[in-house]
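Summary of structural features
Each chain is listed here by its residues.
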Amino acid sequence: MHAQRETVYTLPIGDPRRQYLLSVRPDEIVDTHRRRVVNPHEMTRLLEPATFILIGELHDNAQHHQFQAQVIDALVQAGRSVIVGMEMFDRTKQHALNLWTLNRLSEAEFVEQSEWRTQWGFDFALYRPIFEVIYRHRLRLVGLNVPRALVRQTARGGWQSIPEAERMGIPDPDLSVEAHRKLFYALLGGGHPTGQQQNDNFYAAQVVWDTGMADTALRYLERTVPSPRLAFVILAGNGHVMYDVGISLRLRMRTPLTTRVIVPLPPSDQPVQVRGALGDFVWLPRA
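These figures come from a predicted structure and were not determined experimentally.

1. Quick notes on the overall build of the chain
What the chain contains, in helices and strands, is twelve helices and ten strands. Relative to the compact-globule value of 19 Å for 287 residues, the chain shows a C-alpha radius of gyration of 18 Å, a close match. Across its three principal directions, the C-alpha atoms of the chain cover 50 × 45 × 35 Å. For the chain, the residues scored as buried account for 56% of the 287 residues in total. Across the chain, the fraction of contacts at a sequence separation of at least 24, relative to all contacts at a separation of at least 6, is 72%. Only carbon and sulfur atoms are counted for the fraction: they give 52% of the accessible area of the chain, which is about 12700 Å². Counting 32 positive and 30 negative side-chain charges, the chain places the averaged centre of each group 4 Å from the other.

2. Re the packing of aromatic side chains
Throughout the structure, instances matching the rule amount to 19 aromatic pairs. Ring centres of phenylalanine 67 and tryptophan 283 lie 4.3 Å apart, and the angle between their planes is 5°; this geometry places the pair in the stacked category. One end of the pair, phenylalanine 67, is in helix H3 (residues 62-77); the other, tryptophan 283, is in strand S10 (residues 281-283), and 216 residues separate them in sequence. Assessed through its relative accessible area of 12%, tryptophan 283 is described here as buried. Ring plane angle 70° and centroid distance 6.1 Å describe the contact between phenylalanine 89 and phenylalanine 131, whose orientation is recorded as edge-to-face. Of this pair, phenylalanine 89 sits in strand S5 (residues 81-90) while phenylalanine 131 sits in helix H7 (residues 124-137), and the two are 42 residues apart along the sequence. An identical accessibility class is assigned to phenylalanine 89 and phenylalanine 131; each is buried. Here the aromatic residues Phe89, Trp100, Phe110, Trp116, Phe124, Tyr127, Phe131 and Tyr135 are joined through ring pairs into a cluster of three or more.

3. Comments concerning H3
With 16 residues, H3 should reach 22 Å at 1.5 Å per residue; the first-to-last C-alpha distance of 23 Å fits that figure. Residues of H3 that are buried include every one of His64, His65, Phe67, Gln68, Ala69, Val71, Ile72, Asp73, Leu75 and Val76, and no others. Remark: glycine 79 follows H3 within two positions and exhibits a positive phi of approximately 90°.

4. Focus on the packing of H3 against H7
It is the contact of H3 with H7, at a shortest axis distance of 6 Å, that shows an interaxial angle of 15°. In terms of their interaxial angle, H3 and H7 are classed as roughly parallel. Of the two elements, H3 crosses H7, and the hand of that crossing is right-handed. Across the interface between the two elements, Ala62, His65, Gln66, Gln68, Ala69, Ile72, Asp73, Val76 and Gln77 from H3 touch Leu126, Tyr127, Pro129, Ile130, Val133, Arg136 and His137 from H7. Its residues placed into classes, the contact of H3 with H7 shows nine nonpolar, five polar and two charged.

5. Here we look at helix H8 (residues 148-157)
Those residues of H8 not exposed but buried are Leu150, Val151 and Thr154. Burial along H8 is one-sided: seen end-on, the buried residues are contained in an arc of 95°. Just past H8, the residue glycine 158 takes up positive phi, approximately 85°.

6. Quick look at the side chain of aspartate 210
Looking at the secondary structure, you find aspartate 210 in helix H10 (residues 196-222). Buried charge without a partner: aspartate 210 forms no salt bridge, and the closest opposite charge is arginine 250, 5.4 Å away. Not counting chain neighbours up to four residues away, the residues in contact with aspartate 210 comprise His180, His240, Gly246, Ile247 and Arg250.

What counts and how
- The residue numbers shown here count from 1 along each chain, following its written sequence.
- Residues qualify for local features only when their pLDDT is at least 70, as the model is predicted, and side-chain atom pairs are given and counted only at 80 or more; totals for whole chains, interfaces and linings, by contrast, use all residues.
- Calculation of side-chain values draws on the structure's entire complement of heavy atoms; hydrogens and water are dropped beforehand.
- Each helix is a run of DSSP H or I of at least 4 residues and each strand a run of E of at least 2, with the numbering of both proceeding from the N terminus.
- Just to be clear, the radius of gyration here is over C-alpha atoms, and the globule rule we use is 2.2 Å times residues to the power 0.38.
- A simple rule labels every residue: compare its accessible area, found with a 1.4 Å probe on the protein chains alone, to the largest value its type can have, and call it buried under 20%, exposed over 50%, or partly exposed in between.
- For this analysis, residues touch if any pair of their heavy atoms sits within 4.5 Å.
- Reported accessibility uses the Shrake-Rupley method at a 1.4 Å probe radius. Residues are deemed covered only where the shown protein chains occlude them.
- For the purpose of counting charges, residues Lys and Arg are taken to be positive, whereas Asp and Glu are taken to be negative. His and the chain ends are not included.
- Charge coordinates come from a single atom per side chain, which is NZ of Lys, CZ of Arg, CG of Asp or CD of Glu.
- Two rings from Phe, Tyr or Trp (for Trp, the six-membered ring) form a pair when their centres are within 6.5 Å of each other. A pair whose planes differ by under 30 degrees is stacked, one over 60 is edge-to-face, and the rest are tilted.
- By this rule, a helix spans an expected 1.5 Å times one less than how many residues it contains.
- Only the stretch in contact is used when fitting a helix axis, every axis being a line fitted to C-alpha atoms; angles between N-to-C directions are given from 0 to 180 degrees.
- Should an angle fall under 35 degrees it is taken as roughly parallel, and over 145 as roughly antiparallel, whereas 65 to 115 is taken as roughly perpendicular and any remaining angle as oblique.
- A clockwise turn of the near helix away from the far one marks a right-handed crossing, whereas an anticlockwise turn of less than a right angle marks a left-handed crossing.
- Gly is put with the polar residues, along with every residue not named as nonpolar or charged; the nonpolar set is Ala, Val, Leu, Ile, Met, Phe, Trp, Tyr, Cys and Pro, and the charged set is Asp, Glu, Lys and Arg.
- To obtain the arc, one takes the directions from the helix axis to the C-beta atoms.
- Salt bridges, as used here, are contacts in which a Lys or Arg side-chain nitrogen is within 4 Å of a carboxyl oxygen on Asp or Glu.

Here it is in structure tokens:
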């Protein structure tokens, strides 16, 4: 399992100009464009042109969530107008998220009213640093996900099996991005479901997932007063952000706003090799 997890970080996909391999040492953040180590302050400065900043994670890794919280806090300290969008909640829970932003709920009330345990299910304590930063700065918080029933039904019967009225305005999924398809199956360990139709439906569900989260973010921005220093931070699993072929690609299909991707790696006490196209910045926590 450990070897497989490492190999998904060196896939020859993504930006053809950045197919070189880089070595990342423990505790380092590497700017993959400039091929050099940067400190957190420098990364924050280099993120300045981006409206959408996607930060990946391994859901059960506390270091990743602490890092996400630190990046959000650094953006606030740099004067950015920060919105935080999270994979962990779907669109239907937005009211509870608004109340958290307004400091009107205790943590226990927020966990209950947002239905955290059924929406996500991972230990809330893992994510507490993120919610504390949001609460302290009263940052706008957005539930990006689409209801799981929509994704499950796509996997079973394809997007066409969902009535138009139940699609929540999500655009038809574009299944033609071969690099994304390769990443999807690599993350599954190379295994394909039996049968071509089932295979396409299973993959289509992942595309609906990414497309839906991008759609939620863009819909939220449409209702937001424009700001030249807006930073819409998107927190989602690495599989949704790696190689710039997930959520960020679905954003770029619909908007000219700039995106940047930060990929946290699985902790290691040894250097780890990654493909340059993996993300704009790559961080290796120490094991």
